[in-house]
Amino acid sequence: MARLAVNVDHVATLRQARGIDQPDPVIAAGLAELAGAEGIICHLREDRRHISDRDLRLLREIVKTKLNMEMAAVDEMVDIALATRPDLVTLVPEKREELTTEGGLDVKARPDHYRGVVDRLKRKEIQVSFFVDPDHGQIEAARQCGADIVEIHTGHYSEARSEFEATESFERIALAVQSAAGLDLGISAGHGLNYVNVKRFKDLPRIEEYSIGHSIVAMAVLVGFEDAVRKMIELVKHF
Ligand code: PXP
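Residues numbered from 1 in each chain as written. Predicted model: local features only at pLDDT ≥ 70, side-chain atom pairs only at ≥ 80, totals over all residues. Heavy atoms only, no water.

1. Quick notes on the side chain of S129
Then step 1. Tracing the sequence through the fold places S129 in strand β5 (residues 127–132).
Then step 2. Take S129: its relative accessible area is 1%, and that puts it in the buried class.
Then step 3. For S129, the contacting residues outside a window of four places in its chain are L88, V89, T90, L91, I149, V150 and E151. (Helix = DSSP H or I, 4+ residues; strand = E, 2+ residues; numbered from the N terminus. Buried < 20%, exposed > 50% of the residue type's maximum accessible area, 1.4 Å probe, protein only. Contact = heavy atoms within 4.5 Å.)

This is the structure in structure tokens:
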């Protein structure tokens with residue numbers, strides 16, 4: 001039975017669109033937990049375009065399941081993580097001009113850097129996940145850098161424009177899951193998953209957790225946050 005962790009970034013995006021104090025991602029996190037989510041995720045970006053330092057601080061106070069802080073592997077964010085102590089940090093690549101995280105981390109390009117970041121976080125008993133493309137080499141490199149978990153990037157699958165492309169991308173994800181399982185890594189997956197395309201993941205029971213944000217926030221606008229979270233749990237809990 002897979003777990004759902006809810007990313008609340010886009011509740012903050014809606015707040016920032018008006019530059020006022022609502023809707024509050026902290027309240028959304030509480031509602032997500034009430035509806036059964038087993039983790040809350042937020043991405044503190046260097047440009048603070050959605051989640052703010054205040055959000056992260058309050059989320060750390062109120063999240064009772066597991067707080068997963070997504071962040072770039074840069075000194076500023078590592079210092080904030082060490083001070084805030086999320087349960088888990090997910091390292092992601094970050095570009096200022098992107099609309100959302102665009103690709104997985106190129107772990108192979110800077111293994112020493114990532115190993116140093118992992119060491120600092122682990123000294124404070126923070127688990128570390130690496131957001132990687134479904135690529136054996138990157139998964140192996142993440143393991144060598146000390147990752148506890150790999151989050152497999154599902155964006156290419158989600159954005160597939162044909163059944164052929166979707167099947168091909170999904171097969172790559174299935175192989176990546178095998179690689180990660182063979183290396184004894186925790187396995188999660190996310191990016192672009194919605195109430196339709198997530199259904200195929202029923203065939204990959206080794207994925208332990210799904211990280212889903214935008215589609216839940218979009219559904220919540222129509223049916224309310226708790227209902228939106230429950231509907232997604234109803235799907236992933238049977239995987
Ligand atoms: N996982 C990672 C690493 C992400 O950067 C994001 C987007 O913030 C997600 C999962 C969730 O993606 P989505 O909002 O498309 O569900």
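2. Brief notes about the packing of aromatic side chains
Then step 1. Per the counting criterion, the structure on display carries six aromatic pairs.
Then step 2. Summarising the aromatic geometry, the rings of Y157 and F201 are spaced 5.4 Å apart at their centres and angled 80° between planes, so their arrangement reads as edge-to-face. Placement of Y157 in helix α7 (residues 155–158) and of F201 in the loop between β7 (186–190) and β8 (209–212) is noted, with a sequence separation of 44 residues between them. Residue Y157 shares its accessibility class with F201, and that shared class is buried.
Then step 3. Between Y210 and F239, the aromatic rings sit 5.6 Å apart at their centres with planes inclined by 80°, giving edge-to-face as the arrangement. Separated by 29 residues along the polypeptide, Y210 in strand β8 and F239 in the segment after α10 (225–236) bring together distant segments of the chain. Across the pair, F239 and Y210 agree in class, each one buried.
Then step 4. A network of ring pairs unites the aromatic residues Y157, F170, F201, Y210 and F239 as a single cluster. (Phe/Tyr/Trp six-rings, centres within 6.5 Å; stacked < 30°, edge-to-face > 60°.)

3. Comments concerning the packing of helix α2 (residues 25–34) against α10
Then step 1. At a minimum axis separation of 8 Å, α2 and α10 run at an interaxial angle of 45°. For the element pair α2 / α10, the angle class is oblique. Our pair here, α2 against α10, has a crossing hand that is right-handed. Touching A28, L31, A32 and L34 of α2 are F225, E226 and V229, all from α10.
Then step 2. When its residues are assigned to classes, the contact of α2 with α10 shows six nonpolar, no polar and one charged. (Axes fitted to C-alpha atoms, helices over the stretch in contact; angles between N-to-C directions. Parallel < 35°, antiparallel > 145°, perpendicular 65-115°, else oblique. Left-handed = near helix turned anticlockwise from the far one by under 90°. Nonpolar A, V, L, I, M, F, W, Y, C, P; charged D, E, K, R; others polar.)

4. Let's talk about the environment of V11
Then step 1. Within the secondary structure, V11 sits in helix α1 (residues 9–18).
Then step 2. The sequence separation of V11 and A220 amounts to 209 residues, and the corresponding C-alpha distance is 9.7 Å.
Then step 3. Apart from residues no more than four positions distant in its own chain, V11 is found in contact with P23, D24, P25, A28, V217 and F225.

5. Quick look at a nonpolar patch on the surface
Then step 1. Together, L14, V221, L222 and V223 make up a nonpolar patch on the protein surface, roughly 400 Å² of accessible area in all.
Then step 2. Sorting elements by how many residues they give to the nonpolar patch places helix α9 (residues 214–223) first, with three residues.
Then step 3. Mapped onto the secondary structure, L14 falls in helix α1.
Then step 4. Judged by relative accessible area, which is 46%, L14 ranks as partly exposed. (Patch = residues over 30% accessible without salt bridge, like charges linked within 9 Å, V, L, I, M, F, W, Y side chains within 5 Å. Areas by Shrake-Rupley, 256 points an atom, 1.4 Å probe, with all protein chains shown as cover. Salt bridge = Lys/Arg side-chain N within 4 Å of Asp/Glu carboxyl O.)

6. Description of the pairing of strand β2 (residues 39–43)
Then step 1. Burial runs high along β2: five of the five residues are buried.
Then step 2. What you see with β2 is no split at all: G39, I41 and H43 on one side and I40 and C42 on the other are buried throughout.
Then step 3. Inspection of the sheet shows strand β1 (residues 3–7) paired to β2 by three bridges, in the parallel sense. The residue of β2 that forms the bridge with N7 is I41.
Then step 4. When β2 meets strand β3 (residues 67–71), the two strands line up parallel, connected through four bridges. Across the sheet, the residue bridging to C42 is M69, located in β3.
Then step 5. A crossover connection joins β2 to the parallel β3 through helix α3 (residues 53–62); in handedness this β-α-β unit is right-handed. (Pairing = 2+ DSSP bridges. Right-handed = clockwise from strand over helix to strand, strands pointing away.)

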